[in-house]
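Per-entry structural report
So you can see what is in the structure, the chains are spelled out below.
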Amino acid sequence: MLRPSPAPAPALRSVLAALGSPTAVREARTPALRAAQGPLSPELPLPVHVLGVTGAPEHPPRTRLAGWRFLIRNGDRTIAAADTMLTPDGWSFSHFFEGPYVSATERALHQAEGLPATYRPRLLSVPELYMLTLWLHADPETDGTTVAPAADDLLVPMAPAPPGIAAHRPYPVADLLPVLSTRLAPPPLLGSAAPA
């Protein structure tokens, strides 16, 4: 079962304002959004965290809250997504987009609904690997700002996933995070000893 975190009100207001702006919708690089007939609604807000490289193999990667993503529905279909970002003035609209991660997010959320435990869903982006995962935080009482994956959290890589990582398969954090850490670790300097 999923218990989504409520999005910050300014983030939602900024997306609603963008959806209400003919210019923002017309200039978006989302043909499905421009061609939509009828009302558009932002739904399923998910905090977006970014997994960063620490530079030291003995330290786990760090995460930071980078924004909130809303799936944009037109009738009974999800046709695009909207991202918001934190600015010095607070949460504001960033951009609309479409593509494989929109449908993959919807699929991963639907899949996670069938899991026996209750989770707080969020997204975990790994830019260096061109990877996005659904991060299922096991403590349903926390909000979307928690920045460190817990041992009993699950990560569900979305398609397209990097080679060697199965998409839409829930991985315990303890299984997937070390794989990501290894792939994110900077290569050894020329002439330095290889790790034992």
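A brief structural summary. None of the values given here were measured: they were computed from a predicted structure.

To continue, consider the side chain of Arg69. Topologically, Arg69 is positioned in strand E2 (residues 62-74). Reaching out from Arg69, the side chain makes a polar contact with the side chain of Asp83 at a distance of 2.6 Å. Excluding anything up to four places from it in sequence, Arg69 contacts Leu44, Pro45, Leu46, Val48, Ala81, Ala82, Asp83, Phe97, Leu123 and Leu132.

In this fold, Leu129 is placed in the loop between strand E5 (120-126) and strand E6 (131-137). Among the residues examined, Leu129 registers a relative accessible area of 17% and is labelled buried. Placed 54 residues apart in sequence, Leu129 and Arg183 show a C-alpha to C-alpha distance of 8.0 Å. Each residue touching Leu129, except ones within four places of it in the same chain, is listed here: Pro162, Leu180, Arg183 and Leu184.

To continue, consider the environment of Pro8. Structurally, the position occupied by Pro8 is in the segment before helix H1 (9-19). Judged by its relative accessible area of 22%, Pro8 falls in the partly exposed class. Those residues in contact with Pro8 that sit more than four places away from it in its chain are Trp68 and Trp91.

Let us look at the nonpolar core. Counting residues in each nonpolar core, the largest one holds 19 residues, and the members touching the most others are Leu2, Leu109, Leu123, Leu134, Leu136 and Met158. Element by element, the count of residues in this core is highest for helix H4 (residues 100-113), at five residues. Setting aside anything within four residues of it in sequence, one finds Met158 in contact with Tyr101, Ala104, Thr105, Ala108, Leu123, Leu132, Thr133, Leu134, Ala167 and His168.

With 14 residues, H4 extends 20 Å from end C-alpha to end C-alpha; this agrees with the ideal 20 Å at 1.5 Å per step. Looking only at H4, the buried set comprises Val102, Ala104, Thr105, Ala108, Leu109 and Ala112. The buried residues of H4 occupy an angular sector of 165° when the element is viewed end-on, so they sit on one face. The exposed set on the far side of H4, more than 90 degrees from its buried face, consists of Pro100, Arg107 and His110.

Counted under the stated rule, the structure contains three salt bridges. Residue Arg73 pairs with Glu43 through a salt bridge whose shortest N-O separation is 3.4 Å. Of this pair, Arg73 sits in strand E2 while Glu43 sits in strand E1 (residues 40-52), placing them 30 residues apart in sequence. Among the residues examined, Arg73 registers a relative accessible area of 18% and is labelled buried. Note that Arg69 is salt-bridged to Asp83, the shortest N-O span being 2.6 Å. Of this pair, Arg69 sits in strand E2 while Asp83 sits in strand E3 (residues 77-87), and the two are 14 residues apart along the sequence. On the basis of relative accessibility, which here comes to 10%, the residue Asp83 falls in the buried class. One salt-bridge network, held together by shared partners, links Glu43, Arg73 and Glu106.

Rules used in this analysis
Residues numbered from 1 in each chain as written. Predicted model: local features only at pLDDT ≥ 70, side-chain atom pairs only at ≥ 80, totals over all residues. Heavy atoms only, no water. Helix = DSSP H or I, 4+ residues; strand = E, 2+ residues; numbered from the N terminus. Polar contact = N/O pair within 3.5 Å; in protein donor to acceptor, adjacent residues only side chain to side chain. Contact = heavy atoms within 4.5 Å. Buried < 20%, exposed > 50% of the residue type's maximum accessible area, 1.4 Å probe, protein only. Core = buried A, V, L, I, M, F, W, Y, C linked by side-chain atoms within 4.5 Å. Expected span 1.5 Å × (residues − 1). Arc of directions from axis to C-beta. Salt bridge = Lys/Arg side-chain N within 4 Å of Asp/Glu carboxyl O.

In short, geometric facts, not functional conclusions.
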